[in-house]
Amino acid sequence: MREMMRQAMAQLRSQRMLTVVGITGTALSIFLIMVVVMLQQVKVAPYAPVSNRPRMLYAQYASIVVENTPYQSNGPMSYESAKELYGNLETAERSTIFASYLTVATMTVPGGRPVSADMLTTDGEFWNVYDFTFLSGKPYDQTAVDAAQHVAVIDESTARRLFGSTDAAGREFQLNHSPYTVAGVVRDVSTLAEECFAHVWVPLTTTPLINNTWNSYLMGSFSAVVLAKSSDDFAAIREECDRRMRAYNKTVKESNWQFISRGRPYTKEEVLVGQWANVEPDLKTYRRDRLIVFLILLIVPAINLSGMTESRMRQRREEIGVRRAFGCKRSTLLMQLFGENLMITVVAGLIGWALSVGFAYLFSTMLFLEGYSNTLTMPKVSLEMLVQPSTFAWALGFCFVLNLLSTGVPAWRASRTNIVNAINKK
Amino acid sequence: MGIIELKEVSKIYRTDEVETLALENVNVDIDKGEFVSIMGPSGCGKSTLLNIVGLLDAPTTGRVLIDGTTTEGMSDSALSAFRNSKLGFVFQSFHLIGSLNVLDNVEMPLLYRHGVKGSERTRMAKAVLERVGLSHRMYHRPAQLSGGQCQRVAIARAIVGNPEIILADEPTGNLDSRMGAEVMQLLHELNKEDGRTIVMVTHNDEQARMTDRIVRFFDGRQVQ
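Residues numbered from 1 in each chain as written. Chains lettered and ligands numbered in written order. Predicted model: local features only at pLDDT ≥ 70, side-chain atom pairs only at ≥ 80, totals over all residues. Heavy atoms only, no water.

## A closer look at the overall build of chain B
For chain B, the helix and strand inventory stands at 7 helices and 10 strands. Taking 224 residues into account, the globule formula puts the C-alpha radius of gyration at 17 Å, and chain B, at 17 Å, falls close to it. Each principal axis of the C-alpha atoms in chain B carries an extent, and together these give about 50 × 40 × 40 Å. When burial is assessed residue by residue, chain B has 55% of its 224 residues classed as buried. (Helix = DSSP H or I, 4+ residues; strand = E, 2+ residues; numbered from the N terminus. Rg over C-alpha atoms; globule rule 2.2 N^0.38 Å. Buried < 20%, exposed > 50% of the residue type's maximum accessible area, 1.4 Å probe, protein only.)

## Concerning the overall build of chain A
In terms of regular secondary structure, chain A is built from 15 helices and 13 strands. On C-alpha atoms alone, chain A measures out to a radius of gyration of 28 Å, which is more than a quarter above the 22 Å that the 2.2 N^0.38 rule sets for 426 residues. For the C-alpha atoms alone, the extent of chain A along its principal axes is close to 90 × 60 × 35 Å. Put simply, chain A has 426 residues, and 52% of those count as buried. Taking the contacts inside chain A whose residues are at least 6 apart along the sequence as the reference set, 76% of them involve residues at least 24 apart. Carbon and sulfur atoms provide 57% of the accessible area of chain A, an area that totals close to 19800 Å². If the 42 positive side-chain charges of chain A are averaged to one point and the 36 negative ones to another, these points end up 15 Å apart. (Contact = heavy atoms within 4.5 Å. Areas by Shrake-Rupley, 256 points an atom, 1.4 Å probe, with all protein chains shown as cover. Lys, Arg positive; Asp, Glu negative; His and termini not counted. Charge placed at Lys NZ, Arg CZ, Asp CG, Glu CD.)

## Digging into the nonpolar core
Membership of the largest hydrophobic core comes to 87 residues, with the highest contact counts inside it found for A:Phe126, A:Tyr130, A:Phe132, A:Trp201 and A:Phe259. Lining this core are residues from two domains, each supplying at least three of them: domain 1 (2-47 + 284-423) and domain 2 (61-265) of chain A. (Core = buried A, V, L, I, M, F, W, Y, C linked by side-chain atoms within 4.5 Å. Domains from an automatic or database assignment.)

## Some thoughts on empty space enclosed by the protein
All names here are of chain A. For the structure on display, the rule yields 4 cavities of 30 Å³ or more. Empty space within the largest cavity amounts to approximately 120 Å³. Contributing to the lining of the largest cavity are 13 residues, with Thr-26, Leu-305, Arg-312, Asn-341 and Thr-345 lying nearest its centre. Secondary-structure elements contributing two or more residues to the lining of the largest cavity are α2 (16-44), α9 (283-315), α11 (330-362) and α14 (389-415). Counted by class, the lining of the largest cavity contains 4 nonpolar, 8 polar and 1 charged residues. Empty space within the second largest cavity amounts to approximately 50 Å³. (1 Å grid on protein atoms, 1.4 Å probe; cavity = no way out; pocket = protein on both sides within 12 Å on 5 of 7 lines; lining within 4 Å. Points joined across faces, edges and corners; volume = space filled by probe spheres on them. Nonpolar A, V, L, I, M, F, W, Y, C, P; charged D, E, K, R; others polar.)

## Observations concerning the sheet that holds strand β13 (residues 257-260) of chain A
In a beta sheet, neighbouring strands pair by backbone hydrogen bonds and run either parallel or antiparallel. Residue and element names in this part refer to chain A. Within the open sheet, the 3 strands sit side by side as β3-β2-β13. Their pairing is antiparallel. Two strands bound the open sheet, and with one partner strand each, they are β3 (72-75) and β13. Pairs of neighbouring strands in the sheet enclose a mean axial angle of 25°, with direction left out of account. (Pairing = 2+ DSSP bridges. Axes fitted to C-alpha atoms, helices over the stretch in contact; angles between N-to-C directions.)

## Here's the deal with the sheet that holds strand β4 (residues 61-66) of chain B
Residues and elements named next belong to chain B. With respect to topology, 4 strands assemble into an open sheet ordered β2-β1-β4-β5, the strand pairing being antiparallel. Two strands lie at the open edges of the sheet, namely β2 (19-30) and β5 (69-70), each paired on one side alone. Inspection of the sheet shows strand β1 (residues 4-14) paired to β2 by 8 bridges, in the antiparallel sense. Across the sheet, Arg-14 pairs through a bridge with Glu-19, a residue of β2. Lying on the sheet, helix α1 (residues 46-53) is in contact with β1, β2 and β4; it crosses β1 at an angle near 120°.

## Re the side chain of B:Ser37
Position of B:Ser37 relative to the elements: it lies in strand β3 (residues 35-39). Beyond its immediate sequence surroundings of up to four residues, B:Ser37 is in contact with B:Met200, B:Thr202, B:Ala208, B:Thr211, B:Arg213, B:Ile214 and B:Val215.

## Overview of the environment of A:Ser221
All names here are of chain A. Checked against the element boundaries, Ser-221 lands in the loop between β11 (200-203) and β12 (222-227). Residues Ser-221 and Ser-100, spaced 121 residues apart in sequence, show a C-alpha to C-alpha distance of 5.6 Å. The residues contacting Ser-221, other than those within four sequence positions of it, are Pro-76, Met-77, Phe-98, Ala-99, Ser-100, Tyr-101, Leu-209 and Asn-212. A distance of 3.1 Å separates a polar atom in the side chain of Ser-221 from a polar atom in the side chain of Tyr-101. (Polar contact = N/O pair within 3.5 Å; in protein donor to acceptor, adjacent residues only side chain to side chain.)

## Let's talk about the environment of A:Leu175
Residue and element names in this part refer to chain A. By the secondary structure assignment, Leu-175 is in strand β9 (residues 172-175). On the basis of relative accessible area, Leu-175 is assigned to the buried category, the value being 3%. Here the alpha-carbon distance between Leu-175 and Val-202, two residues 27 residues apart in the chain, equals 9.8 Å. Residues contacting Leu-175, with those up to four places away along its chain left out, are Ala-105, Thr-106, Met-107, Met-119, Tyr-180, Val-200 and Val-202.

## Observations regarding the pairing of strand β8 (residues 151-155) of chain A
All names here are of chain A. Taking burial as the measure, the 5 residues of β8 include 5 buried ones, the bulk of the element. Side chains Val-151, Val-153 and Asp-155 of β8 all project onto a buried face; the interleaved residues Ala-152 and Ile-154 project onto the opposite face, where all are buried too. Here β8 runs beside strand β10 (residues 178-186); their pairing, made up of 5 bridges, is parallel. Across the sheet, the residue bridging to Ile-154 is Val-185, located in β10.

## Considering the domain arrangement of chain A
Residues and elements named next belong to chain A. Assigned domains of chain A: these are domain 1 (2-47 + 284-423) and domain 2 (61-265). Distance from the C-alpha centre of domain 1 to the C-alpha centre of domain 2: 43 Å. Listed as interface residues are 12 residues of domain 1 and, on the opposing side, 10 residues of domain 2. Taken together, both faces of the contact between domain 1 and domain 2 bury some 850 Å²; the carbon and sulfur share is 58%. There are 1 residue pair in polar contact (both at pLDDT 80 or more) connecting domain 1 and domain 2. In terms of residue class, the side of domain 1 that touches domain 2 is built from 7 nonpolar, 3 polar and 2 charged. (Buried area = accessible area lost by both parts, 1.4 Å probe.)

## A few points about the pattern of salt bridges
Residues and elements named next belong to chain A. The final tally for this structure, using the stated rule, is 30 salt bridges over all chains. Among the salt bridges present, the one from Glu-156 reaches Arg-160, with a minimum N-O distance of 3.2 Å. Pair noted here: Glu-156 and Arg-160 are both in helix α6 (residues 156-163), with a separation of 4 residues, about one helical turn. Take Glu-156: its relative accessible area is 13%, and that puts it in the buried class. On the accessibility criterion, Arg-160 (46% relative accessible area) is partly exposed. A single salt-bridge network, built from bridges that share partners, covers Arg-53, Glu-194, Glu-195 and Lys-268. (Salt bridge = Lys/Arg side-chain N within 4 Å of Asp/Glu carboxyl O.)

Structure representation (structure tokens):
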């Protein structure tokens, strides 16, 4: 290992031009691919207030069918259906029900200018599932929701716009012409935490959205998120959800509609893959397609880097011959060359990764802006969102694959070189 | 039984168009502790013979036995380990690794020997550098040394693993007479004091006469 490090450093020093070009090429390749990875990772990675994402299962939509007919309906559920299907699950830690989409609300204070804000209606458990950072006050609980209390949690930007301060707990304001009291103020949420993003959150019982139902009160405007004690419990939770669905279907039999699961509730990655509520997400195909894209993104620079590695090997031909003469096995040589190049690749990969984080941070609006979005708010990212162990692992993984692709053939050829010819540089 | 035995060894280099006979039916026995010179005009097969004895190249026909072990059919792994433990090489152009310092160059053969720890490698390398009088240059790069010093480093590298056989291919060919004499003196010390077997290819009659035996080649055939 020490020898590999030393040799890698010696290589960096002795072939400066190749080193600079090689490191730059590798860094740019890793940068490019990491930007692609980050585009997806920010939507599935855990960070406040979605730190529990790896333990979450999502039922954004539900599906109902009329048996033995082609009739079906797919979309958000009514509050009642969401409660029956996903409320108080025995196998889960907890679950929350909230509006499937944001609504635009107008907020005013006496003497102030109206403020337009994205509003999300939620139950009380919402605040236990998501880990918002409260700057003042506290969340509303289920008792307040059941009592339809006009209380609200607002984000710090909205608090500043309305009250000029984040210390706004207890202050009163008008929300769509109804009086509300600020229960708490939370740190701003990125639009990339799309499932819980809003500027103002109010009990779901205080807006007309709860009455917006159709198809015999089964469908409506709500989604559910289930928080598991551990991701190992996902299968058990889905089984319980299926049992719940069968039981609920018996109670709604007279409506002629029957719920079908389509594999719900989904993981966050499945939610991202699922384009339509009436089609079960095909994670396998999605992952395969991504793998193909990544491989293409890696193969192109790997071919270029392979040429440089070959050139480096040619310059080291004599050394390779001498090492072999003194007892270096082919396999040892292969590992040594691979290891040395891996170290250089990892150094370049770290540079590329850091570049991608910097780029994503500086150009977040351009990079993460969605074609279709619930909100007009521009996406913002924090370093916490971008510097994820998973993205770091991806970067290292790509370095390894890139190294394997770019060094594999030249190193293998070098290890097969005739020793005498190598020593004599023939 | 010699420590090096070549039995009816031939070597033919083939290309698509020509076939070149480099060695023809060579039989050589070299005893343990012997200092043997191999002489002959350029292109007569001296270096080919040394490469075959050094297990760097395989004969087209015939057998090579080193210390009683036949090397025919050995795997790359076994052959590498065998070379590492039994043979040390000194080349005309030194072939030191330019990116490594003297100490690292000398340690290199021990990297490929199983069970030698880093501290032990360094201790052994320093000991042989002391012996060849270059301990004060151990952190220098080869480019910072004279030709004679480079060859002494190469000799240190050849003996660090304590091999029984040293194969030297024109070790003084790139040196002036004074440095050449120093290198020859070192090789004789290794032969006399350590009892190492040395096989040296040379064009220098004077140096050859100082060795125990001269084997002469002409056009791939052993003539003496």
